Amino acid sequence: MLSDNALKRIDRELTKYPADQKQSAVMAALAIAQDEKGYLAQETIAAVADYLGMAPMAAYEIASFYNMYDLAPVGRFKLTVCTNLPCALSGGVHAADHLKQTLGIDFNETTPDGLFTLKEGECLGACGDAPVLLMNNKRMCSHMSTEAIDQLLAELRAEALAKPAGPKS
Amino acid sequence: MSAQTILTAGIEPATADATWHLDDYVGRGGYAALKKVLAEKMTPEAVINEVKKSSLRGRGGAGFPSGLKWSFMPKAYAGTKYLCCNSDEGEPGTFKDRDLLRYNPHQVIEGMAIAAYAMGTAVGYNYIHGEVWDLYARFERALDEARAAGLIGQNILGSGFNFELYAHHGYGAYICGEETALLESIEGKKGQPRYKPPFPASYGLYGKPTTINNTETFAAVPWIIMNGGEKYLELGKPNNGGTKLFSVSGHVVRPGVYEVPMGLPFPELLKMCGGMRGGRKLKACIPGGSSAPVLPAEIMMECTMDYDAIAKAGSMLGSGAVIVMDESVCMVRALERLSYFYFEESCGQCTPCREGTGWLYRVVHRIEHGLGRAEDLDLLNGVTDNIMGRTICALGDAASLPVRSFIKHFRSEFEYHIDNKKCLVPPEVQREGSKIHVRPSQC
């Protein structure tokens, strides 16, 4: 179900916690699984739970509580734009509008080519760099002017052309 | 900047992103405090005493005296005690710990090691906001460096003192910044706050005695040990010791993180940020993160930036997140966005908060969209009465305080909305005022 590489990474997380507290690694393990599979299907969550010796429902509780986990498929590049007040004061809403217009989608939608999903984010903790967006939960993009957004989209499209489909790295 | 800095001292903005490594930190005098504590065999009591003298108060928002908090940990406990660092920075407006973790992660590690020594905690976790993933990865690398140099781990610097430290990441839940929700989250559960008492010092992580401090709090500890608590206190003002990081966002020319002595007059902080954007007038300011009551310009301009002065003005210094709003802001719309945040982030455990935050958002939303009713302002205040003080944690209060303060100070704007079905501030003015801001390339 999960690759050896993913299991190895989960094993490393497990070394952080007492031997009888394997459940502590569930957040990291689900993030690792999501990186590999693209999103958390029921059977992926169950596999993580099984590996950590916890009930599938307990792992599902985590996956559904924390909002960076995706319980349904998303595009290859998930862009989460912060529109909260501090960001909005420096153009967060304008940046989101520009993305919607350029991609032709609204929040929580995916482009027909499966490349981009747009999400409205709550505070990313980087308000000083507004507008900010987060790419696939991992890469923080700061000072996203319309030019910077266009550049990012071009870069990601080029990446998709060079390395078509396949699971997320 | 003329005033003394201690958290960001020696860090040059141009190269800051490359000078976070162990060697760089040691070059800035880093780990000298930990070495001093171990070489001089300072007693744990002496370390705690120094922190008490410094008047260091918790930098996460509550402002609780740190030395006092440390003294609550049971000394004679036989099992494992834990130390946690709260780097789950997700309160709108707050981004100060991000800079500490980005530019000076070893300062946090050193502060935690000294705290661990003082409280006899053998294991620690730094809980890092999931959205700043690059900093989580960087912190793990910094831990590797410290471990390889014998600065954390077993028998630190040959002293016999053991302290294992790990990084744990969040994954998108504001509530985990609440300390007991953070503990639940490390245990691999939903981040739902616990009843207090029992307090974490007696029943914390895995049911063991635990102390949780904010990132910036730990980062201040090495300086206090090297220079003495009294020196630290002198940097600020009585009962408000030291310097403080302020993360300034919104309508200033240069949003960013600024380290200033406690008690700096607000107009001076504003000046450091390059003043108001486009020469527009200050309308309002939230001085301590989105949960803190908003203050109108005329009150804010009279404030000094410290716990006691901001409290006296009717708000909270909180995490030091200063959200600056100019005259182009519609206060109803601003509140609507904040209310949505709390509605979205309520963990759902307590009914007043779960249901109440939804009521607050929906009613502010309808006022903003021209569907408000004359009785809505009383309704909003009534809902906050039913939330505040009736929930396990402070998120309910955090959702209520903005509503009450926005209505209190800007009531006429809300009434205008209700009576005229539109904003007092024309939409094009709002849009122009909050367009994408390109910051001058200074910081």
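Residues numbered from 1 in each chain as written. Chains lettered and ligands numbered in written order. Predicted model: local features only at pLDDT ≥ 70, side-chain atom pairs only at ≥ 80, totals over all residues. Heavy atoms only, no water.

Sorry if this is basic, but what is going on with the environment of B:G242 here?
Residues and elements named next belong to chain B. Its place among the elements puts G242 in the loop between α10 (229-235) and β5 (243-250). Separated by 10 residues in the primary sequence, G242 and Y232 place their C-alpha atoms 4.9 Å from one another. G242 has contacts with R59, Y232, L233, L235, G236, P261 and M262, leaving out every residue within four places of it along the chain. (Helix = DSSP H or I, 4+ residues; strand = E, 2+ residues; numbered from the N terminus. Contact = heavy atoms within 4.5 Å.)

Mind showing me how you'd approach the layout of surface pockets here?
To find leftover empty space, one rolls a probe the size of a water molecule over the atoms. All names here are of chain B. By volume, the largest pocket is sized at about 1,400 Å³. If you go around the largest pocket, you meet 47 residues; those closest to its centre are G60, G61, A62, G177 and E178. When residues of the lining of the largest pocket are traced back to their parent elements, those giving at least two are α4 (66-71), β1 (82-87), α5 (96-103), β4 (210-214) and α17 (395-420). Considering each element in turn, the lining of the largest pocket owes the most residues, 5 residues, to β4. For the lining of the largest pocket, the residue count by class is 17 nonpolar, 19 polar and 11 charged. (1 Å grid on protein atoms, 1.4 Å probe; cavity = no way out; pocket = protein on both sides within 12 Å on 5 of 7 lines; lining within 4 Å. Points joined across faces, edges and corners; volume = space filled by probe spheres on them. Nonpolar A, V, L, I, M, F, W, Y, C, P; charged D, E, K, R; others polar.)

How should I be thinking about empty space enclosed by the protein in this particular structure?
Following the criterion strictly, the structure yields 2 cavities of 30 Å³ or more and no others. Taken as a whole, the largest cavity spans an internal volume of roughly 80 Å³. Together, 13 residues line the largest cavity, and B:C347, B:C350, B:C353, B:C393 and B:L395 are the ones closest to its centre. For the lining of the largest cavity, the class distribution of residues is 8 nonpolar, 5 polar and no charged. Size it by volume and the second largest cavity reaches roughly 40 Å³. Lining the second largest cavity, in full, are A:G125, B:S87, B:E89, B:D97, B:R98, B:L101, B:H129 and B:V132. At 3 residues, the largest contribution of residues to the lining of the second largest cavity is made by α5(B). Here the lining of the second largest cavity is composed, by residue class, of 2 nonpolar, 3 polar and 3 charged.

What should I look at first to understand the interface of chain A and chain B in this one?
At the junction of the two partners, chain A supplies 55 residues and chain B supplies 64 residues. When chain A packs against chain B, the two sides together hide about 4,600 Å² of surface, and 56% of this comes from carbon and sulfur. When the shortest N-O distance is used, the salt bridge between B:R98 and A:D129 registers 2.9 Å. At the surface where chain A touches chain B, the tally comes to 28 residue pairs in polar contact (both at pLDDT 80 or more). Taken together, the elements giving at least two residues each to the side of chain A that touches chain B come down to α1 (4-14), α2 (26-37), α4 (56-65), α5 (85-89), α6 (92-103) and β3 (116-121) of chain A. (Buried area = accessible area lost by both parts, 1.4 Å probe. Salt bridge = Lys/Arg side-chain N within 4 Å of Asp/Glu carboxyl O. Polar contact = N/O pair within 3.5 Å; in protein donor to acceptor, adjacent residues only side chain to side chain.)

Would you mind showing me how to read the packing of aromatic side chains here?
As enumerated under the stated definition, the model contains 19 aromatic pairs over all chains in all. Here the aromatic residues A:Y17, B:Y82, B:Y125, B:Y166 and B:Y206 are joined through ring pairs into a cluster of three or more. A cation over an aromatic ring shows up here: B:K244 above the ring of B:F246, its NZ or CZ 5.8 Å from the ring centre. One residue, B:R362, lies across the ring of B:W359, its end atom 5.7 Å from the ring centre. (Phe/Tyr/Trp six-rings, centres within 6.5 Å; stacked < 30°, edge-to-face > 60°. Lys NZ or Arg CZ within 6 Å of the ring centre and 35° of its normal.)

Teacher, can you tell me more about helix α9 (residues 215-227) of chain B here?
Owing to its 3.6 residues per turn, the α-helix aligns residues three or four sequence positions apart on the same side. Residue and element names in this part refer to chain B. Most of α9 is tucked away: 11 of the 13 residues are buried. The opening residue of α9, the one whose side-chain oxygen lies 2.9 Å from the backbone nitrogen of E216, is N214. Positive phi shows up at G228, right after α9, with a value of about 95°. (Buried < 20%, exposed > 50% of the residue type's maximum accessible area, 1.4 Å probe, protein only.)

Explain the packing of α5(B) against helix α6 (residues 105-119) of chain B to me, please; I cannot follow it from the model alone.
In a pair of packed helices, the angle between the axes and the distance between the axes together describe the arrangement. All names here are of chain B. Relative to each other, α5 and α6 sit at 95°, their axes nearing to 5 Å. Here α5 is positioned roughly perpendicular relative to α6, judged by the angle of their axes. Taking contact as the criterion, the partners of L100, L101, R102 and Y103 in α5 are, on α6, P105, Q107 and V108. Partitioned by chemical class, the residues of the contact of α5 with α6 number 5 nonpolar, 1 polar and 1 charged. (Axes fitted to C-alpha atoms, helices over the stretch in contact; angles between N-to-C directions. Parallel < 35°, antiparallel > 145°, perpendicular 65-115°, else oblique.)

I'm lost on the domain arrangement of chain A in this one. Help?
For an interface, size is often stated in terms of accessible area lost upon the parts coming together. The assigned domain composition of chain A is domain 1 (4-65) and domain 2 (77-162). For domain 1 of chain A and domain 2 of chain A, the distance between their C-alpha centres works out to 28 Å. (Domains from an automatic or database assignment.)

So what exactly am I meant to see when it comes to the nonpolar core here?
Most often, soluble globular proteins have nonpolar side chains that are buried together. The biggest cluster of nonpolar side chains holds 148 residues, and the ones touching the most others in it are A:Y66, B:F163, B:M325 and B:F406. With 10 residues, the top contributor of residues to this core is α6(B). When residues are assigned to domains, this core turns out to be shared by domain 1 (4-65) and domain 2 (77-162) of chain A, each giving three or more. If we ignore the near neighbours within four places in the chain, the residues touching B:F163 are B:L83, B:M112, B:A113, B:A116, B:T121, B:A122, B:V123, B:G124, B:I152, B:G153 and B:I156. Membership of the second largest hydrophobic core comes to 24 residues, among which are B:V248, B:L282, B:M305 and B:I310. (Core = buried A, V, L, I, M, F, W, Y, C linked by side-chain atoms within 4.5 Å.)

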